[in-house]
Amino acid sequence: GIRDYKVTGVQTCALPICDLDGGQAAFVVYAPIPSAHWSFAAVVPESRVMAPVYAALRLELGLTAAAFFIVLVALVVASVQITRPIAALSRAVRQVAAGDLDARVEGLASRDEIGDFARTFNQMIAQLRSHVEALTDETARREAIEGELRAARRIQTSLLDRKSTRLNSSHLVI
């Protein structure tokens, strides 16, 4: 409904009212014109007064949504950049755990902690492979020597058995 507003000593003002003709909200705008000793009053629809406010609000909302979308895309890109190298490291670790000492982390040239970790991992695997190969070679050499020793023991045992048989048969009984 219509509200009573007391306007005294005011140079200009705008009062919200309800337009009786269309039931549409409106403002009564008042401004005195001192030189003519007149006053100016007009009824302006609220939609016309608020149109620039709503336009600015829509623009701000659009800019906020665009900024949110840009930040969201940046977060997704950053998370992929961070998780992709970690996933590559994880795959290589699983390969090594399965016994594949040829596993390497490829494509990580970054100079951050993850890149350092990948390079160190590759060095560690190369050293581990070298140690395993050295251990395998040493084991093969030891097994070869043990095989030769077993053969020598068999020969020695067979020679001793022959000698002891000859000695037993050559004993004189008195």
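If you're wondering where the values come from, they're calculated on a predicted model, not measured in any experiment.

Trainee: I'm lost on the overall build of the protein chain in this one. Help?
Mentor: When its secondary structure is counted, the protein chain shows two helices and three strands. Listing each helix as α and each strand as β along the protein chain from the N terminus yields β-β-β-α-α. Across the 174 residues of the protein chain, 11% fall into the buried class. Considering only contacts within the protein chain whose residues lie at least 6 apart along the sequence, 18% involve residues at least 24 apart.

Trainee: Explain the side chain of Asn122 to me, please; I cannot follow it from the model alone.
Mentor: Checked against the element boundaries, Asn122 lands in helix H2 (residues 113–169). Polar contacts involving the side chain of Asn122 include one to the main-chain amide nitrogen of Val105, which spans 2.8 Å. Those residues in contact with Asn122 that sit more than four places away from it in its chain are Arg104 and Val105.

Trainee: Would you mind going over the nonpolar core with me for this structure?
Mentor: Buried together is how nonpolar side chains tend to be arranged in soluble globular proteins. Within the largest apolar cluster, twelve residues are counted, these being Ala88, Leu89, Ala92, Val96, Leu101, Ala103, Val105, Leu108, Ile114, Ala118, Phe121 and Ile125. Those elements that place two or more of their residues in this core are helix H1 (46–97) and H2. Those residues in contact with Leu89, other than ones at most four positions away along the chain, are Val105, Leu108, Ile114, Phe117, Ala118 and Phe121.

Trainee: Explain H1 to me, please; I cannot follow it from the model alone.
Mentor: The α-helix winds at 3.6 residues per turn, so residues separated by three or four positions along the chain end up facing the same way. Here H1 spans 73 Å end to end across 52 residues, near enough to the 76 Å set by a 1.5 Å rise per residue. Most pronounced at Pro52, the bend in H1 amounts to some 35 degrees. Downstream of H1 by one or two residues, Gly99 has phi in the positive range, about 100 degrees.

Trainee: Just checking my understanding: could you explain a nonpolar patch on the surface for this structure?
Mentor: Where nonpolar side chains cluster on the molecular surface, the patch consists of Phe68, Phe69, Ile70, Leu72, Val73, Val76, Val77 and Val80 and spans about 750 Å² of accessible area. Residue position: Phe69 is located in helix H1.

Trainee: Just to check I follow, could you spell out the confidence of the model for the protein chain for this structure?
Mentor: If pLDDT is low for a region, its predicted coordinates should not be looked at in detail. A residue-level look at the protein chain finds 81% of positions with pLDDT of 70 or above and a mean pLDDT of 83. At the level of individual helices and strands, the protein chain shows its lowest average pLDDT in strand E1 (residues 13–18), which scores 66, and its highest in H1, which scores 93.

Trainee: Explain the environment of Ala126 here, please?
Mentor: Structurally, Ala126 can be placed in helix H2. Sequence separation between Ala126 and Leu101 is 25 residues; the distance between their C-alpha atoms is 7.9 Å.

Trainee: Explain unusual backbone geometry to me, please; I cannot follow it from the model alone.
Mentor: Glycine aside, residues mostly have negative phi, and peptide bonds are mostly found in the trans state. Phi is positive for His37, close to 55 degrees, though the residue is something other than glycine. For His37, a relative accessible area of 75% corresponds to the exposed category.

Cut-offs used in this document
- Residues numbered from 1 in each chain as written.
- Predicted model: local features only at pLDDT ≥ 70, side-chain atom pairs only at ≥ 80, totals over all residues.
- Heavy atoms only, no water.
- Helix = DSSP H or I, 4+ residues; strand = E, 2+ residues; numbered from the N terminus.
- Buried < 20%, exposed > 50% of the residue type's maximum accessible area, 1.4 Å probe, protein only.
- Contact = heavy atoms within 4.5 Å.
- Polar contact = N/O pair within 3.5 Å; in protein donor to acceptor, adjacent residues only side chain to side chain.
- Core = buried A, V, L, I, M, F, W, Y, C linked by side-chain atoms within 4.5 Å.
- Expected span 1.5 Å × (residues − 1).
- Bend = angle between axes of the 7 residues up to and from the residue.
- Patch = residues over 30% accessible without salt bridge, like charges linked within 9 Å, V, L, I, M, F, W, Y side chains within 5 Å.
- Areas by Shrake-Rupley, 256 points an atom, 1.4 Å probe, with all protein chains shown as cover.
- Salt bridge = Lys/Arg side-chain N within 4 Å of Asp/Glu carboxyl O.
- pLDDT = per-residue confidence, 0-100.

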